[in-house]
Amino acid sequence: MEMVLMKRNGSGTVCIAALSLALQTVAVAAANDSVKMNQIQVIGSHNSYHAGIAPSEAKLMKAKNPKLYQAFEYRHRPLDQQLNSGIRQIELDIYADSNGGRYAHPKGPDAVAAAGLAKDPEFDPEGIMNKPGFKVMHVQDFDYRSTCQPLTACLKIVREWSQSHPNHLPVYILLETKQSDLPAEYHATPTEHFTSATFDALDAEIRSVFSAGELIVPDQVRGKHKTLEEAVLHNDWPTLAAARGKVVFLMDQRPVGPVYLEGHPSLRGRVIFTNAAPGQPDCAFTEENDGSQQEIADLVRRGYLVRTRTDADTKEARTNDTTRREIALASGAQLLSTDYPASEPSAWTTYSVSLPEGAVARCNPVNGPSNCSNQDLISDVPITAESR
């Protein structure tokens, strides 16, 4: 944003807003009032917390299971740095740990010691893993290092960033509930399964960090409609004016949806939008990670919020195969998840994922309204003298 600086009789300066600024302010306000939050497209990061595998443990994994290590060979910067670079959807893998200590002693350090390799840096010097609460990691015992721990600490980073950027486009937090046990030969820590009570605790942890006014929850979208799906099929998502500065929680795993819904039909009173199948009363958000361009576009036109992946398991990044990326971009999926946003490109090729001109968001190519302007979406901070 530019300001015109004018001198008046040498007595000082008077700041007069340029006409272009005034016109742009009006345009942004108009877009905020009419464009819905499901009518734009943003870039997200996959496993956003992933700090990578420590050197000695990496050496062991490469020797024992090189194919598995290859799928894990990526890492992300801290969450606030990703948000600063334009990421507007993050993903956190969470493990229930009601009593604390379940994941405090992973197998990796013992395996490194047994192999006579150099000791890796401590992964939990402050003893956080001994305390009750949801933990953030990829795979227990083997790929467990995170840039933030526990879940509430990760959420506090997002909240602090959000408060510093109060006009930001909605930030989506995808939660993957991890409760699968590894094959017996790995002798891995058994997971704690998610129950309705576990999900009550998860909602409570989220609400302990974010106030009601900082969230967009299913009840707000449903409004007076009978079901949540009815609301989205009528395109009753909040406008950008209502969604800016807010955080939206989404559930990654579809099988746990019925458990989360127990006692909460159509997600009444819940915080997280389930990953539901179209046709279900709770379906507002759905994942189509392997869907065709046409299948995804059809869901977007109907009003659903859709997440898809542009790459997976480092495969596309190693060969610079952009096929999946281009299909995802054109599909209209609102949330495009990648291991390689433009600020963190592939180490092997030039592969990365971004919107045209590196924008934070763009008008959705499938359902964006005619009055939506990409330029109006750029500003993530209030239009004030302090922000110019």
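Higher on the page you've got the structure.
Let me sum up the structure you'll find in this document. As the structure is a prediction and not an experimental result, all values here were calculated from the model.

1. Examining the nonpolar core
Part 1: L92, I173, L175 and F249 are the most contacted members of the largest nonpolar core, which totals 80 residues.
Part 2: In this structure L175 touches L92, I94, L151, L202, I206, F249, L250, M251, D252, Q253 and I272, once residues within four positions along its chain are discounted.
Part 3: Of all hydrophobic cores here, the second largest spans seven residues; its members include I53, M61, Y69 and F72.

2. Focus: helix 14 (residues 323–331)
Part 1: Residues of helix 14 that are buried: R325, A328, L329 and S331. All buried residues of helix 14 lie within an arc of 165 degrees about the axis, which places them on one face of the element.
Part 2: Next to the buried residues of helix 14 lie strand 3 (40–45), helix 12 (293–302), strand 10 (305–309), strand 11 (335–338) and strand 12 (361–363).
Part 3: Positioned one or two residues after helix 14, G332 has a phi angle of 90 degrees, which is positive.

3. So, the state of the cysteines
Part 1: In this structure the tally under the stated criterion is two disulfides.
Part 2: Across the disulfide from C148 sits C154; the S-S distance is 2.1 Å. A torsion of 100 degrees about the S-S bond marks the disulfide between C148 and C154 as right-handed. Here the two residues C148 and C154 agree in accessibility, since each one is buried.
Part 3: Residue C363 pairs covalently with C372 via a disulfide, S to S 2.1 Å. Across the S-S bond linking C363 and C372, the dihedral sits near -90 degrees, which makes this disulfide left-handed. With respect to burial, C363 and C372 carry one shared label: buried.
Part 4: Cysteines bonded in the protein are numbered consecutively along the chain; their disulfide partners then correspond to 1-2, 3-4.

4. Structural notes on the pairing of strand 10
Part 1: Taken across its five residues, strand 10 has five buried, putting it largely inside the fold.
Part 2: Side chains of strand 10 alternate between two faces, with L305, R307 and R309 and V306 and T308 buried alike.
Part 3: The pairing of strand 9 (residues 285–287) with strand 10 spans three bridges and is parallel. By the bridge assignment for strand 10, E287 is matched with R307.
Part 4: Note on the crossover from strand 9 through helix 12 to strand 10: the handedness is right-handed.
Part 5: Pairing between strand 10 and strand 11: three bridges, direction parallel. Looking at strand 11, one finds that R307 is bridged to L335.

5. Some thoughts on the environment of L336
Part 1: Mapped onto the elements, L336 comes out in strand 11.
Part 2: Once residues lying within four places of it in the same chain are set aside, the contact partners of L336 are Q41, V42, I43, G44, T308, T310, A328 and L329.

6. A short note on the packing of aromatic side chains
Part 1: A full pass over the atoms with the stated rule returns 10 aromatic pairs.
Part 2: When the centroid spacing of 4.9 Å and the interplanar angle of 80 degrees are considered together, the rings of F123 and Y144 count as edge-to-face. With F123 in the loop between helix 5 (107–114) and strand 5 (135–136) and Y144 in the loop between strand 5 and helix 6 (151–164), the pair connects residues that are 21 residues apart, well separated along the chain.
Part 3: Overall, the relative accessible area of 3% leaves Y144 in the buried class.
Part 4: Geometrically, the ring pair formed by W237 and F273 is tilted, given 5.9 Å between the ring centres and 35 degrees between the ring planes. Of the two residues, W237 is situated in the loop between helix 9 (228–233) and helix 10 (240–243) and F273 in the loop between helix 11 (257–261) and strand 9; the sequence distance between them amounts to 36 residues. Exposure class is identical for W237 and F273. Each is buried.

7. Looking at the pattern of salt bridges
A pair can form between side chains of opposite charge whenever their charged atoms are brought close.
Part 1: Here the structure, examined in full by the defined rule, presents 18 salt bridges.
Part 2: For R77, the salt bridge goes to E344, with nearest N and O atoms at 3.4 Å. With a gap of 267 residues between them, R77 in the loop between helix 3 (66–72) and helix 4 (79–84) and E344 in the loop between strand 11 and strand 12 connect regions that are remote in the sequence.
Part 3: You can call R77 partly exposed: its relative accessible area is 28%.
Part 4: On the basis of relative accessible area, E344 is assigned to the buried category, the value being 9%.
Part 5: As a salt-bridge pair, E316 and R324 come within 3.9 Å of each other at their nearest N and O atoms.
Part 6: Note on E316: relative accessible area 11%, which makes it buried.

Scoring rules and cut-offs
Residues numbered from 1 in each chain as written. Predicted model: local features only at pLDDT ≥ 70, side-chain atom pairs only at ≥ 80, totals over all residues. Heavy atoms only, no water. Core = buried A, V, L, I, M, F, W, Y, C linked by side-chain atoms within 4.5 Å. Buried < 20%, exposed > 50% of the residue type's maximum accessible area, 1.4 Å probe, protein only. Contact = heavy atoms within 4.5 Å. Helix = DSSP H or I, 4+ residues; strand = E, 2+ residues; numbered from the N terminus. Arc of directions from axis to C-beta. Disulfide = S-S within 2.5 Å. Pairing = 2+ DSSP bridges. Right-handed = clockwise from strand over helix to strand, strands pointing away. Phe/Tyr/Trp six-rings, centres within 6.5 Å; stacked < 30°, edge-to-face > 60°. Salt bridge = Lys/Arg side-chain N within 4 Å of Asp/Glu carboxyl O.

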